[in-house]
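Structural characterization, general
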Amino acid sequence: MQGAQIISIGSAVPDLCINNKEISQIVETSDEWIVNRTGIKERRMLTGTNKSVVDLAYSAAMKALDKIHMDPLELDLIVLATSSPNDLFGSASQVQAKIGAARAVAFDLTAACSGFVLAIVTATQFIQNGSYKNILIIGADVLSKWIDWSDRKTCILFGDGAGAAIIQACYEEDNAILGFQLNTDGKKYNELSITYKENSYSLNTLKLFQGQFQYISMNGKEVYKFAVSKVPASITKCLNALHLSIEDVNWLLLHQANKRILQAVANRLSIDNYKIISNLSKYGNTSAASIPLALDEAWQNNQITKEDIIVVSGFGAGLTWGTVVIKWKC
Ligand code: UT7
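Below is a short write-up of the structure. Within each chain, residue numbers correspond to sequence positions counted from 1 in written order. Local features are withheld for residues below a pLDDT of 70 in this predicted model, meaning they are given only at 70 or higher, and side-chain atom pairs are given and counted only at 80 or more; totals for whole chains, interfaces and linings count all residues. Side-chain metrics rest on all non-hydrogen atoms present in the structure, leaving aside hydrogens and water.

Topic: the overall build of the chain
Only DSSP runs of H or I covering at least 4 residues are called helices, and only runs of E covering at least 2 are called strands; the numbering of each starts at the N terminus. Scanning the chain from N- to C-terminus turns up 10 helices and 13 strands. The globule rule puts the C-alpha radius of gyration for 330 residues at 20 Å, and the 19 Å found for the chain is close to it. Dimensions of the chain along its principal axes, counting C-alpha atoms only, are 60 × 45 × 40 Å. Burial here depends on accessible area, computed with a 1.4 Å probe over protein chains only, as a share of the maximum for the residue type. Under 20% is buried, over 50% is exposed, and the range in between is partly exposed. When each of the 330 residues of the chain is scored for burial, the buried share is 53%. Note on contacts: a residue pair qualifies if any of its non-hydrogen atoms lie within 4.5 Å across the two residues. Considering only residue pairs separated by 6 or more positions, the chain has 75% of its internal contacts joining residues 24 or more positions apart. In summary, the charge assignment counts Lys and Arg as positive and Asp and Glu as negative, without counting His or the chain termini. Charge placement uses NZ in Lys and CZ in Arg. For Asp and Glu, CG and CD serve respectively. Charge centroids of the chain, computed over 30 positive and 31 negative side chains, lie 6 Å from each other. The globule rule used here is 2.2 Å times the number of residues to the 0.38 power, and the radius of gyration it is set against is calculated over C-alpha atoms.

What follows is the structure, given as structure tokens:
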């Protein structure tokens, strides 16, 4: 078994910024309601002809590569965690071509807001079993393309963005992806979904069933309760398995869904509020991008430093949730 480390990270957001006041011109809401209930003040939105998740994923990936002067040809694997690809067959191959990582195999990973946690764990398996040495993982989403702009319960929440990390093989004793704990409860899939709705029609003697994906629909209250109860349990299990205590944790980095969720999870775990990494006031919920976006900012701001223990948890559609504990090595 080899070890695995995150050796670089980068992120990208679109230029267009939409604040709560602007949202309140689209649906009946207010800056006060959104800030009080979610902590979100503004979010970014991808616009422009033929712009897609690939553009954001590309920018984030290039920043992560440039920071360590890595040639894209050194990459063995690219995992793109996204639920908003520009091609139902996957977008990772377009990112592979665009960054010029001709040697790397590339695939999409669909696990909504838990996508980046799943991507870290997936990449780590390929490294720890000796298959690959350099892996680029990206969490990127453009949920603005799937929002019902007449639904004030969801359109206020989401923003677009991307974050990328490079995970590299290292000596076993330097392993910095310390452990993980993952879960899915598929019985609750319809609490948060972008469903596929089909119609039937006849073509000569053939009866065809074809349709389209709908907008995001979410039972906010249920997802809130799920997050606040299940995420602390996942973190506790993960820390216990690693024989780490809450005092060992330097930073808590949760999927940036709602400030109240972040605080409730920290409270349940008796983690001080100053240890919460959060930038959701500026970007809203960017789904698979939210964790790497916040991690990159925390690194750039020198908030996190080498050897810090960071507890990272994702949660969302599926329903899927999980934790990975990392030691920061950049
Ligand atoms: O990324 C995946 C994970 N997603 C999440 O973690 C989301 C989890 N859920 C949440 O963050 C919260 O449930 C929301 C922020 C979505 C909603 O907050 P809430 O405190 O649960 O509000 P609510 O749905 O219970 O609605 C309370 C009231 C309702 O009015 P009545 O029935 O009490 O008169 C809503 O109609 O607030 C109303 N409301 C709004 N008012 C102004 C709902 N949305 C809005 C809005 N502006 N945008």
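Next comes the rest of the account.
A closer look at unusual backbone geometry
The residue after Gly318, namely Leu319, is reached through a cis peptide bond having omega -15°. Even without a glycine there, the phi angle at His243 is positive, about 55°. In this fold, His243 is placed in the loop between helix 7 (220-241) and strand 11 (251-254). You can call His243 exposed: its relative accessible area is 71%.

Thoughts on the site of the ligand
It suffices for a single heavy atom of a residue to lie within 4 Å of a molecule or strand for the residue to be listed as near it. In the vicinity of the ligand there are 23 residues, among which Thr29, Arg37, Lys221, Asn258 and Asn285 approach most closely. Pairing of N or O atoms within 3.5 Å defines a polar contact, subject to two protein rules: one partner must be a possible hydrogen donor and the other a possible acceptor, and residues neighboring in sequence count only if both atoms are side-chain atoms. At 3.0 Å from a nitrogen atom of the ligand is found a main-chain nitrogen or oxygen belonging to Gly220. A distance of 2.6 Å is found between an oxygen atom of the ligand and a side-chain nitrogen or oxygen belonging to Lys221. A per-element tally of the shell around the ligand places helix 7 first, with four residues. Under this grouping Gly is polar, as are all residues other than the nonpolar Ala, Val, Leu, Ile, Met, Phe, Trp, Tyr, Cys and Pro and the charged Asp, Glu, Lys and Arg. Residues that form the shell around the ligand fall into these classes: 11 nonpolar, six polar and six charged. The source of the domain bounds is an automatic or database domain assignment. Mapped onto the domain boundaries, the shell around the ligand takes at least three residues apiece from domain 1 (3-174) and domain 2 (177-190 + 216-327).

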